[in-house]
Amino acid sequence: MTITETVTAPIATVPKRTAQFPVTLNQQAWTSGFTLSAHTILPERFSSAQSRTETKVPGRIAKPGLGKISAGAGQSMALTNKWLTYGWGHNSNGQVGNGTTTNVLTPTWLGYAGAQDFVQVSAGGNHTVALSGDLKIYGWGARQWSIHGGTQAQNPVQISPPASGAFSQVSAGFNHSLALGPNGRAHGWGAAWNGELGTSSSISRPTQLQNPAGIQFVQVEAGASTSYGLAADGTVWGMGSNANGRLGLGPNVSEVSKFTQIPMPGDARIVQLVSNSSTSDSHTLALTDSGEVIAWGSNSSGQGGTASDGSTPATFLVPTRIELPEGVGFTRLAAGSGVSLGLSYDGSVYSWGGRTLGYAASGKVAIPHQVPSLTANGGYIDVTAGDQHAFALGTDGKLYGWGSGQSGRLGNNSTAFQTVPVPIPLPVNRHAESSEAASGTDALTDTDAGTETEGTDSGISEDTADTDTETDAETETDAETETETETPDQENADPDAEDDSIADYQLPSEIDAGSVGQGGVKPGTVVLAAENENYKVWTARDQSEAICVIVLALPDGPSSSYCAEQKVFESAGISGSIDLRPAPGSEEPTQSLQTYLLPDAVDAERAAKMIPGSKAYGQMLVRFGDFRQDGSHVITLPSGDSEVELLLLRAS
């Protein structure tokens, strides 16, 4: 864009000018960052001390997907594809959440009056926390670690502060908990003996913590007397105890009581953090954007790994890149007591550390080794590890567990140690008044929390980049850029459909299928839903069975994607799956589901009124019905200064 200033005086100082303009980014520019430049062009008789300036805008990372299985100090939790919450294992403080303090040997539905559907659950020391479908925090188990007031809770209790807004993730530590609130702000409560909550006094309810200036978190992780935040730029921040290298801040720091950046080797960008919170023997793992692993903290059983120089010290005092098998990269990690797990690009499960490995080993294993008996068709989509027990969730929805069975923590109706993984059945135990089926076996599924609409799982998101162009003499220019995204036309494709008339399509090379959703696009589910001269729109399932829309804008090719759990679409009045048939240019109506993910500044309710038949769910607009293709359409959004081009279909 150009800003013109007219000067008539012999000598003039041009005041600071500010401008806003949209910038469209492809996925690579969004994740890798980009550079903005401003130039000053003056007539010959004028001079400028600074005719050009540049501002580097750092890349952003996608939010880590929310897991649906979690192992704690002795309790185990799982969410099913019917949005039921199951718990089992050690229960002396009510941390299983079934209304008792008796150990539970098999998965038990947490059915109680006013039972909530949860989209994430996290098991910690002697307490458990969860995120409900309406994005509130719930807690149960021991004392103030889970519930305001310092009393024990044997059923889930809502503990979100009044008027706190929507939360997007929770994490249960050994004696405290964290939650990710609006605008990437960390909230915490529980014990604060070592500065892990930024204070020396315990906090009895979720309270906003002091974020580093200018930093928004995309993940929080509570460990053993440690709190971590993963920033949108891939940097890692932590506070709390640094005993035995827990924070990775070297040998000369004992503890810190404010979020402090933890340097990563080679300035690696991190996309996921995991820290053992099931015991006080703590280690932490960081997953890089290239699938490598960085470890710090305890390595007594090899759970940290082997350093690149071949050493296996008892403690990693600073973050250290560890050796991986040749050709292996990870998409997800888990940290338990003396053990670590990794989920590889091909869906295989790897483990390293001590006894809870999933295979027989003499002594510690300090380099990740594949768990040989986990060979489900389609691989695995989630892993978790606790106090001497671990689980893996298959793409077939089946759960497998191994390790200690003490107090029933494996859920296989046994207290025996299981060296190799065994299947963990989840019988449905709906309340008698439930209208759903109450028999059979309920499979697990791991879906991204689609009720959160403040961004995209991958690809383009909304952000603001500021650049100041200053000159010492005649001109000063400020340029503010705002990147805006539209994620149109999300549709629900049935991955199990056997109708040969529904065509599967390979995504073009411009779209990295591995970066879409949780674990990448599931093979055989890609359907070309709509296309015109401006867009091509596919629908697919990711490895967690979340529904994804993938948009390629033509002819330049910037792509974006958005994934949400099926519950979001069902809330629009849709039951079951939708039969999608590609009909580009056809006059035959096609049953379609459209979604528009709007920027935060837009009044979504008013925008919904501008698009007939649509309804707002947060910042996501949903429109469903029989439509014919009607090309694209530009609308002016209610923010008053933005226009968005949407692919629209006309009702039949």
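Preceding this section is the structure that the text describes.
Residues numbered from 1 in each chain as written. Predicted model: local features only at pLDDT ≥ 70, side-chain atom pairs only at ≥ 80, totals over all residues. Heavy atoms only, no water.

Q: Would you mind going over the environment of V274 in detail, with residue names and values included?
A: For V274, the location among the structural elements is in strand β20 (residues 270-275). Residues V274 and R332 lie 58 residues apart in sequence; the distance between their C-alpha atoms is 9.3 Å. If we ignore the near neighbours within four places in the chain, the residues touching V274 are E221, H283, T284, L285, L333, A334 and A335. (Helix = DSSP H or I, 4+ residues; strand = E, 2+ residues; numbered from the N terminus. Contact = heavy atoms within 4.5 Å.)

Q: Describe the sheet that holds strand β21 (residues 283-288), and please don't skip the residues or the numbers.
A: Sheet architecture is open: four strands sit in the order β20-β21-β22-β23, paired in antiparallel fashion. Two strands lie at the open edges of the sheet, namely β20 and β23 (315-321), each paired on one side alone. Direction aside, neighbouring strands of the sheet carry axes that sit 10° apart on average. Taken together, the five bridges between β20 and β21 define a ladder with antiparallel strand orientation. Each bridged residue has a counterpart across the sheet, and for S275 the counterpart in β21 is T284. (Pairing = 2+ DSSP bridges. Axes fitted to C-alpha atoms, helices over the stretch in contact; angles between N-to-C directions.)

Q: An account of the nonpolar core is needed here, citing residue identities and associated values.
A: Ranked by size, the top nonpolar core spans 56 residues in total, and within it V236, M264, I270 and W296 carry the most contacts. Discounting residues that sit within four places of it in the chain, I270 has contacts with I61, L230, G234, V236, M264, A286, L287, T288 and I294. Residues L343, A392, Y400 and W402 belong to the second largest nonpolar core, which totals 18 residues. (Core = buried A, V, L, I, M, F, W, Y, C linked by side-chain atoms within 4.5 Å. Buried < 20%, exposed > 50% of the residue type's maximum accessible area, 1.4 Å probe, protein only.)

Q: Residues and numbers for the pairing of β21, please.
A: Within β21, six of the six residues are buried, which leaves the element mostly enclosed by the surrounding structure. Residues H283, L285 and L287 line one face of β21 and the alternating positions T284, A286 and T288 line the opposite face, and both faces are buried. By the bridge criterion, five bridges tie β21 to strand β22 (residues 293-298) in an arrangement that is antiparallel. Across the sheet, residue L287 finds its bridge partner in β22, namely V293. The turn linking β21 back onto β22 is made up of four residues, and G291 within it adopts a positive phi angle of 85°.

Q: Tell me about the pattern of salt bridges, and please be specific about residues and values.
A: When the charged atoms of two side chains with opposite charge come close together, those side chains can pair. If you walk through the whole model with that rule in mind, you get four salt bridges. The partner of D289 in a salt bridge is R269, and the shortest N-O contact between them spans 3.4 Å. A residue pair is termed long-range when its members are at least 10 positions apart, and D289 in the loop between β21 and β22 and R269 in the loop between β19 (255-261) and β20 qualify at 20 residues. With a relative accessible area of 44%, D289 lands in the partly exposed category. For the salt bridge of R332 with D382, the shortest nitrogen-to-oxygen distance reads 2.7 Å. Here R332, found in strand β24 (residues 330-336), pairs with D382, found in strand β28 (residues 380-385); they are 50 residues apart in sequence, far enough to count as distant. Side by side, R332 and D382 carry an identical accessibility label, which is buried. (Salt bridge = Lys/Arg side-chain N within 4 Å of Asp/Glu carboxyl O.)

Q: Describe the sheet that holds strand β30 (residues 399-403), with residues and values.
A: Pairing in this open sheet of four strands is antiparallel, and the strands run β28-β29-β30-β31 from one edge to the other. Strands with a single pairing partner mark the edges of an open sheet, and in this sheet they are β28 and β31 (418-423). Across this sheet, the average inter-strand angle for adjacent strands is 15°, counted without regard to direction. Where β30 lies against β31, three bridges are found, and the strand directions are antiparallel. Across the sheet, residue G401 finds its bridge partner in β31, namely V422.

Q: Explain unusual backbone geometry to me, and be specific about the residues and the numbers.
A: Trans is the common state for peptide bonds, and a negative phi is the common state for residues other than glycine. Positive phi, normally seen in glycine, also occurs at N183, with a value near 60°. Since its relative accessible area comes to 52%, N183 is described here as exposed. Unusually for a residue other than glycine, N413 sits at a positive phi of about 60°. Position of N413 among the secondary structure elements: in the loop between β30 and β31.

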